[in-house]
Amino acid sequence: MPTFNDSVFMPSAFILIGIPGLESVQCWIGIPFSAMYLIGVIGNSLILVIIKHENSLHIPMYIFLAMLAGTDIALNTCILPKMVGIFWFHLPEISFDACLLQMWLIHSFQAIESGILLAMALDRYVAICIPLRHATIFSQQFLTHIGLGVTLRAAILIIPSLGLIKCCLKHYRTTVVSHSYCEHMAIVKLAIEDIRVNKIYGLFVAFAILGFDIIFITLSYVQIFTTVFQLPQKEARFKAFNTCIAHICVFLQFYLLAFFSFFTHRFGSHIPPYVHILLSNLYLLVPPFLNPIVYGVKTKQIRDHVLKVFFFKKVT
């Protein structure tokens, strides 16, 4: 039975300590984190501006890329300002409700990003495997439905996690959170009450979103590779495969970091706490930082328009 004598009842605020074990060097860790944030915001903003103003890019592949860029900016902005406040300005306190809001936003944007990656994989599948039906299937209305669908799926599935914390967990061992942002399990583990329901629902959401998406992305690319390798001409195979390279790179780095962070946090009890927290931070910061670089390097249309922005006279 839990004991509540030394517990904190319904705390008004939490204290985020940052990266446990590395407090003395957090000010230095904040420098590369801030650099990744700034580069990510600039790169993703540039992609949004280019896609918005270039009519030739108003096609599903680039509309999904714009959705991904917007989600990346929002995701990074949910975490980095508070993290910098902890690392540089010694402002670790966050109110209980603000903590739940940050938790909901971070996990929702993660789920939205996963849904967009699934939509991008399906777009490549239809474009390569059944190209004659691509324009019919990926209509403007269907794109709108996809955007609303991945957003609502994320928001609706994450909300019960917050409700379980708000309504069921009243007593906490401490208000000190060994993390640099309000992560679901980091908060739940502070509670004295039985948290099995919270853990089970957290696992359900993770597998319902990430598990579902990764299965269908993998199936899409199995079909894509089967179709590409059956093309008679080598040049056609290369061209078809080249349209998928950027998405494959983004897909791999997003899900590999996601699963490393997820499993080490839940099952890596022998791993030092600072490794857990660093992996969690990198999982949130690296994809928004790398995505515009990957698409800028690997996608000719984006690369050409970026060059036009910075070297207009030379390109024209």
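Remember, it's a predicted structure, so these values are computed and weren't measured experimentally. (Residues numbered from 1 in each chain as written. Predicted model: local features only at pLDDT ≥ 70, side-chain atom pairs only at ≥ 80, totals over all residues. Heavy atoms only, no water.)

Q: In this structure, what is going on with the overall build of the protein? I would like to understand it.
A: A count of helical and extended segments in the protein gives 11 helices and 5 strands. What you see for the protein is a C-alpha radius of gyration of 21 Å, in line with the 20 Å of a compact globule of 316 residues. Overall, the protein is about 75 × 40 × 35 Å in size when its C-alpha atoms are taken along their principal axes. A fraction of 78% describes how many contacts in the protein between residues 6 or more apart in sequence connect residues 24 or more apart. With the model as given, the accessible surface of the protein reaches about 15,900 Å², and the carbon-plus-sulfur share is 71%. Once the 21 positive and 14 negative side-chain charges of the protein are each reduced to a mean point, those two points are 10 Å apart. (Helix = DSSP H or I, 4+ residues; strand = E, 2+ residues; numbered from the N terminus. Rg over C-alpha atoms; globule rule 2.2 N^0.38 Å. Contact = heavy atoms within 4.5 Å. Areas by Shrake-Rupley, 256 points an atom, 1.4 Å probe, with all protein chains shown as cover. Lys, Arg positive; Asp, Glu negative; His and termini not counted. Charge placed at Lys NZ, Arg CZ, Asp CG, Glu CD.)

Q: In this structure, what is going on with the packing of helix H3 (residues 96-129) against helix H9 (residues 273-298)? I would like to understand it.
A: Axes are the key here: two packed helices are described by the angle between their axes and the distance separating the axes. Viewed as axis vectors pointing N to C, H3 and H9 meet at an angle of 35 degrees, and their least axial separation amounts to 12 Å. Every pair of crossing elements has a handedness; the one defined by H3 and H9 is left-handed. Contact residues: H3 offers Ile106, Gln110, Glu113 and Met120, while H9 offers Tyr283, Leu284, Pro287, Asn291 and Tyr295. Residue classes in the contact of H3 with H9 are distributed as 6 nonpolar, 2 polar and 1 charged. (Axes fitted to C-alpha atoms, helices over the stretch in contact; angles between N-to-C directions. Left-handed = near helix turned anticlockwise from the far one by under 90°. Nonpolar A, V, L, I, M, F, W, Y, C, P; charged D, E, K, R; others polar.)

Q: Please explain the pattern of salt bridges as it appears in this structure.
A: Between side chains of opposite charge, a pair can form when the charged atoms approach closely. Scanning the entire structure with this criterion turns up 5 salt bridges. A salt bridge links Lys166 to Asp97; its shortest N-O distance comes to 2.8 Å. Of the two residues, Lys166 sits in helix H5 (residues 140-168) while Asp97 sits in helix H3, which places them 69 residues apart along the sequence. Look at Lys166 and you get partly exposed, because its relative accessible area is 37%. (Salt bridge = Lys/Arg side-chain N within 4 Å of Asp/Glu carboxyl O. Buried < 20%, exposed > 50% of the residue type's maximum accessible area, 1.4 Å probe, protein only.)

Q: It is not clear to me how the UniProt feature "transmembrane region" (unreviewed entry) in the protein should be interpreted in this structure. Could you clarify?
A: Sites flagged by UniProt as "transmembrane region" (unreviewed entry) map to residues 34-51, 63-89, 101-122, 142-165, 200-222, 243-263 and 275-297. The distance from the first to the last C-alpha atom of residues 63-89 is 38 Å, and the span holds 100% helix and 0% strand. Secondary structure within residues 142-165 divides into 100% helix and 0% strand; the distance between the first and last C-alpha atoms comes to 36 Å. (UniProt positions renumbered as here; feature names shortened; annotations may be inferred.)

Q: Quick question: what am I supposed to make of the pairing of strand E2 (residues 13-16) here?
A: Along any regular strand, the residues point their side chains to alternate faces of the sheet. Examined bridge by bridge, E2 and strand E3 (residues 93-95) share 3 bridges and lie antiparallel to one another. From the neighbouring strand, Ala13 faces E3, where its bridge partner is Ser95. (Pairing = 2+ DSSP bridges.)

Q: What's the story with the packing of aromatic side chains in this structure? I'm lost.
A: Where two aromatic rings form a pair, the distance of their centres and the angle of their planes describe that pair. Under the criterion given, the structure shown has 12 aromatic pairs. With centroids separated by 5.4 Å and ring planes inclined at 70 degrees, the aromatic side chains of Phe138 and Phe142 adopt a geometry described as edge-to-face. Here Phe254 and Tyr255 contribute two aromatic rings whose centre-to-centre distance is 4.9 Å and whose plane-to-plane angle is 90 degrees, an arrangement assigned as edge-to-face. With a relative accessible area of 2%, Phe254 lands in the buried category. Among the aromatic residues, those joined into a ring-pair cluster are Phe251, Phe254, Tyr255 and Tyr283. (Phe/Tyr/Trp six-rings, centres within 6.5 Å; stacked < 30°, edge-to-face > 60°.)

Q: Can you help me understand the nonpolar core in this one?
A: Judged by nonpolar contacts, the single largest core of 92 residues is most densely connected at Phe14, Ile165 and Tyr172. At 16 residues, the largest contribution of residues to this core is made by helix H2 (residues 60-89). Look past the residues within four positions of Ile165 in its chain and what remains in contact with it is Phe96, Leu100, Met103, Tyr172, His184, Ile187, Val188 and Asn198. (Core = buried A, V, L, I, M, F, W, Y, C linked by side-chain atoms within 4.5 Å.)

Q: How do you make sense of the sheet that holds E2 when you look at a structure like this?
A: The strands that make up a sheet are held in pairs by hydrogen bonds between backbone atoms, and each pair lies either parallel or antiparallel. Strand order across the open sheet formed by 3 strands is E3-E2-E5, with mixed pairing between neighbours. Of all strands in the sheet, those bounded by a partner on one side alone are E3 and strand E5 (176-177). Judged from the 2 bridges that link them, E2 and E5 form a sheet pairing that is parallel. Looking across to E5, one finds that Ile15 is bridged to Val176. Its contacts with the sheet put H3 on E2 and E3, and the angle it makes with E3 is roughly 85 degrees.

Q: Could you clarify how one ought to interpret H3 in this entry?
A: Residues three or four positions apart in an α-helix share a direction because the helix packs 3.6 residues into each turn. Over its 34 residues, H3 runs 49 Å from end to end, which matches the ideal 50 Å to within 8%, given 1.5 Å per residue. Within H3, 24 of the 34 residues are buried, leaving the element largely enclosed by the surrounding structure. (Expected span 1.5 Å × (residues − 1).)

Q: Which parts of the structure should I look at to understand a nonpolar patch on the surface?
A: A cluster of nonpolar side chains, namely Val25, Trp28, Ile31, Trp88, Phe89 and Leu91, defines an oily patch on the protein surface of about 640 Å² accessible area. Elements represented by at least two residues in the nonpolar patch include exactly helix H1 (26-53) and H2. Secondary-structure assignment places Phe89 in helix H2. For Phe89, a relative accessible area of 53% corresponds to the exposed category. (Patch = residues over 30% accessible without salt bridge, like charges linked within 9 Å, V, L, I, M, F, W, Y side chains within 5 Å.)

Q: How should I be thinking about the state of the cysteines in this particular structure?
A: Linking two cysteines covalently via their sulfur atoms produces the bond known as a disulfide. Applying the stated criterion to the full structure yields 1 disulfide. There is a disulfide in this structure between Cys99 and Cys182, and the S-S distance comes to 2.0 Å. Between Cys99 and Cys182 the sulfur-sulfur dihedral comes to about -120 degrees; the bridge is accordingly left-handed. With Cys99 in helix H3 and Cys182 in the loop between E5 and helix H6 (184-188), the pair connects residues that are 83 residues apart, well separated along the chain. We classify Cys99 as buried; its relative accessible area is 1%. (Disulfide = S-S within 2.5 Å.)

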